[in-house]
Amino acid sequence: MINEIKKIKEEMGEELFILAHHYQTDDIVALADAVGDSLKLAQTAKLNKRAKYIVFCGVHFMAETADILTEDSQRVLLPEADAGCPMADMADRASAEKCMTLLSEEFGENKILPITYVNSKAEVKAFCGKYGGTVVTSGNADRILKWGLGENKIVLFLPDQNLGRNTAYDLGVKLEEMALYDQIRGKLCYSCKKEDVKIVLWGGYCHVHHFIMDETFDLARRTYPDYEIILHPECRYDIAERADGKGSTEYLINRVKNAPAGSKFIVGTEKNLVDRLIKNNPDKDIKILDSKSICRNMNKITAENLFETLEDIKAGNFSKQVTVDKETAAQAVKALDRMLSLS
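Below you will find a few notes about this structure.

Within the secondary structure, L273 is located in helix α13 (residues 271-280). The exposure class of L273 is buried, given its relative accessible area of 3%. Along the sequence, L273 and Y190 sit 83 residues apart, while their C-alpha atoms lie 36 Å from each other. Setting aside residues up to four positions removed in sequence, L273 forms contacts with H22, Y23, T249 and I253.

The following block contains the structure:
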């Protein structure tokens, strides 16, 4: 089947462009024309004006972002429709608007600046665009959030509370100055004075990183005291602050890649990526912090459904195409463009 995919790629040439996120399995990564994080891949797709068909081996919100940024004449396809993102699904436009109403009543009209993690639905990016907000990645969250906190408004950060909390704390925001919005119950919680709230954290999280527990971290530290523990900022604050380093997927890759031979790392992020770090850096000793850190939605992309997608394209069947309506796309682009201008 992999050989058949290679044949189709050769036949279609520049008309076909396959993207793979870092969390994909090795066989998918080997078949991709570009590998990276979600925004980098979407930007790569935007720059490719020749491809008619962009097949995104990732999850649904990533394909949405690619569709927003590419030309109307280009088709973006996702090999598995059920490859979603539980964290992205924790925030939608309706619940965000409800939150905005509550926060405006609590803190005052036009006092809220929404900022969303790129790991969110197109409609949530559009919500941020509507209200003058923007988008962040795990790589530029510090720069963008610093801008947001300096705008004399309260930042609403969604959907990942952990990235928001870790980044805000690193920028000097005290934990007690952070409020938490429970999107399920529609309730706001904070312990400081109303005028001291600087950021409202949406109650979402990435299950891959959020459920790396204190006990797992403490055991790794005791068992391997001479190893550096580095992890993704989607991990909870209480372990992120005790790590030797935290940062985006690109940060983790480069931290290991650029370290001298013999370096020892324990890496807290998705298993496929850590396995690839181990394979690609044989001169270093690398272990995974929690072997249960698996993104099962990413793993829904297989050689089988990739092959099926390419066969569908050849047959003129575009049932796997991901599209974002023009109004949503236009508002989302405002948020994405604002991020790019601030980066």
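So much for the structure itself; the text now carries on.
A few words on the nonpolar core. L156, F157, I199, V200, V267, L306 and L310 are the most contacted members of the largest nonpolar core, which totals 101 residues. When residues of this core are assigned to their parent elements, the largest contribution, six residues, is made by helix α4 (residues 60-69). Residues within four places of V200 in sequence aside, it is in contact with L103, F107, I154, V155, L156, F157, A179, Y181 and L188. Ranked by size, the runner-up nonpolar core spans twelve residues in total, among them Y227, I229, L231 and A240.

On to the packing of helix α1 (residues 2-12) against helix α14 (residues 303-314), then. Working note: a packed helix pair is described by the angle between its axes plus the distance between those axes. Contact pair α1 / α14: the axes reach a minimum separation of 10 Å and the direction vectors enclose 35 degrees. Note on packing geometry: the crossing formed by α1 with α14 is left-handed. Where α1 abuts α14, its residues I2, E4, I5, I8, E11 and M12 lie against A303, L306, F307, L310, E311, I313 and K314.

Another aspect to go through is helix α6 (residues 122-130). Across the nine residues that make up α6, a large majority, seven, are buried. Along α6, the residues classified as buried are A122, V124, K125, A126, F127, C128 and G129.

In total, this model carries 27 salt bridges according to the counting rule given. K52 is paired through a salt bridge with E15; the nearest N and O atoms lie 3.4 Å apart. Placement of K52 in the loop between α3 (38-47) and β3 (53-57) and of E15 in the loop between α1 and β1 (16-21) is noted, with a sequence separation of 37 residues between them. Here K246 makes a salt bridge to E241, at a shortest N to O gap of 3.3 Å. Salt bridges linked by common partners bring E11, E311 and K314 together as one network.

With that settled, the discussion passes to the packing of aromatic side chains. For the structure on display, the rule yields seven aromatic pairs. Measuring from ring centre to ring centre gives 5.8 Å for F107 and Y190, while their planes differ by 40 degrees; the resulting arrangement is tilted. One end of the pair, F107, is in helix α5 (residues 93-107); the other, Y190, is in the loop between β9 (187-189) and β10 (199-202), and 83 residues separate them in sequence. Of the residues examined, F107 reaches a relative accessible area of 13% and is grouped as buried. Using a relative accessible area of 23% as the deciding quantity, one classes Y190 as partly exposed. Above the plane of the ring of F318 lies R75, whose end atom (NZ or CZ) is 3.8 Å from the centre.

The pairing of strand β13 (residues 264-268) with strand β14 (residues 285-288) spans four bridges and is parallel. In the strand pairing of β14, I266 is matched with K287. Crossover handedness for the path β13 to α13 to β14: right-handed.

We now examine the side chain of S293. As for its position among the elements, S293 is in the loop between β14 and α14. Residue contacts for S293: discarding those within four places in its chain leaves V208, I212, T269, E270 and K271.

With that settled, the discussion passes to the sheet that holds β9. Strands sit in the order β6-β5-β7-β10-β8-β9 across an open sheet of six strands; the sheet is mixed. Two strands bound the open sheet, and with one partner strand each, they are β6 (134-136) and β9. For this sheet, the mean inter-axis angle between neighbouring strands, taken without regard to orientation, is 25 degrees. Examined bridge by bridge, strand β5 (residues 112-117) and strand β7 (residues 154-158) share five bridges and lie parallel to one another. By the bridge assignment, I112 is partnered in β7 with I154.

About the cut-offs
Residues numbered from 1 in each chain as written. Predicted model: local features only at pLDDT ≥ 70, side-chain atom pairs only at ≥ 80, totals over all residues. Heavy atoms only, no water. Helix = DSSP H or I, 4+ residues; strand = E, 2+ residues; numbered from the N terminus. Buried < 20%, exposed > 50% of the residue type's maximum accessible area, 1.4 Å probe, protein only. Contact = heavy atoms within 4.5 Å. Core = buried A, V, L, I, M, F, W, Y, C linked by side-chain atoms within 4.5 Å. Axes fitted to C-alpha atoms, helices over the stretch in contact; angles between N-to-C directions. Left-handed = near helix turned anticlockwise from the far one by under 90°. Salt bridge = Lys/Arg side-chain N within 4 Å of Asp/Glu carboxyl O. Phe/Tyr/Trp six-rings, centres within 6.5 Å; stacked < 30°, edge-to-face > 60°. Lys NZ or Arg CZ within 6 Å of the ring centre and 35° of its normal. Pairing = 2+ DSSP bridges. Right-handed = clockwise from strand over helix to strand, strands pointing away.

Keep in mind that these numbers describe shape and distance, not what the molecule does.
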